[in-house]
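Reading the structure
Single-letter residue listing:
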Amino acid sequence: MPESSPVIVVTGANGLVGCRVCAALVERGAHVRALVRRAGSAADLLGVEERVGDFADPEVAADVVTDATAVVTTVHPMGASRETQHQVGVEGTTLLARAARDAGVERVVHISTTAVYDRSPGRGDADESSPLVGDDGNAYEVTKRDADAALAGIDGLSTVLVRPPSILGPGDTSVWNALRPARMREDEAERHANPDLSFPWIHLDDLAAFTADVAVGRIPTGTDPARGLVEGACTAVNLVAGTATARDYHETVGRALGFEPVWDQGPTWTGRVVADRAHGWGWSPTVDLDDALDELARGLRG
């Protein structure tokens, strides 16, 4: 490893997002410590060093962040009980971030979600200052919100909360390219949607590229969150390629799998998630909606 190579820790390095982030980091010349729970599951790439352990274990956390430049956290057990999501996504992530701060790590990049925003019917567009979901939200929304708040409360750490919406992109564990379509194919109830519901989206490749750029220090650092991450503070940034509708997504899946969506009417959220801050940091998406939906359809037909 060249002396100048940044050392980046990635949790959940065998997951959909974590694996792509590892590859993007290697492309940028980083040495990756890929932290996984199961031996042999990290990406087999030159420049990726597999570490096995639980990042919520204080000894594992302190060891893996030693001499690291940055930490990227991608783990959240979506679909688990609320208690488990809090234990892993909030408490575990915060423990690791504190260990990173204590070890002098330059920055922590946390994969959050735009689901932390209140997207009730009638709410307008959401930016990084918009109201967050209340305690009556589902377990995923609330525990992601609480993880963001816990990270923001760690003094002396440069933290970036990357907030993507629905993530399009292939993978066996992809919610929108694999898991959700499988449920729609098997269960008619899963085919229901309000056609006007907003569907903000980002492609996996663009999410991984931006995350890697932040982790290796390609994004400006200063005091203005509109221009870059704020040193020693916590900065949220929405990463959204565009806003489609539920009709766009459900019709694409339906055509590929041979069923008709079922449209429900009623009040729904029709706003956008604004990504002006990300654009101010120099980011722009490389995958457009047509290409992302074409990729989704090809994968389902194949």
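Before reading on, note that the structure itself is shown above.
Let me sum up the structure you'll find in this document. (Residues numbered from 1 in each chain as written. Predicted model: local features only at pLDDT ≥ 70, side-chain atom pairs only at ≥ 80, totals over all residues. Heavy atoms only, no water.)

What to know about the side chain of T268
Put simply, the test is: Helix and strand assignments follow DSSP, with helices taken as H or I runs no shorter than four residues and strands as E runs no shorter than two, numbered in order from the N terminus. Using a 1.4 Å probe on the protein chains alone, a residue whose accessible area is under 20% of its type maximum counts as buried, one over 50% counts as exposed, and one in between counts as partly exposed. By the convention used here, residues are in contact when the closest approach between their heavy atoms is within 4.5 Å.
For T268, the location among the structural elements is in the loop between β14 (262-263) and α8 (276-280). Residue classification places T268 among the buried positions, given a relative accessible area of 17%. Setting aside residues no more than four positions away along its own chain, T268 makes contact with P121, G122, N194, D196 and L197.

A look at the packing of aromatic side chains
We count it as follows: Planes of paired rings set the category: under 30 degrees apart is stacked, over 60 is edge-to-face and the rest tilted, where pairs are Phe, Tyr or Trp rings (Trp by its six-membered ring) whose centres lie within 6.5 Å. Whether a charge sits over a ring depends on NZ of Lys or CZ of Arg being within 6 Å of the ring centre and within 35 degrees of the ring normal.
Tallied over the entire structure, the rule returns five aromatic pairs. Consider the rings of W176 and Y249, whose centres lie 5.2 Å apart with planes at 85°: the pair is edge-to-face. A residue pair is termed long-range when its members are at least 10 positions apart, and W176 in helix α5 (residues 175-186) and Y249 in helix α7 (residues 246-257) qualify at 73 residues. Using a relative accessible area of 1% as the deciding quantity, one classes Y249 as buried. Between F199 and Y249, the aromatic rings sit 5.2 Å apart at their centres with planes inclined by 20°, giving stacked as the arrangement. Placement of the pair is F199 in strand β9 (residues 198-203) and Y249 in helix α7, with a sequence separation of 50 residues. Accessibility expressed as a relative area gives 7% for F199, which makes it buried. An aromatic cluster is defined as three or more aromatic residues linked by ring pairs; in this entry it consists of W176, F199 and Y249. Geometry around F259 places R191 over its ring, the cationic atom sitting 4.5 Å from the centre. The ring of W263 has R247 sitting right over it, with the charged end atom 4.9 Å from the ring centre.

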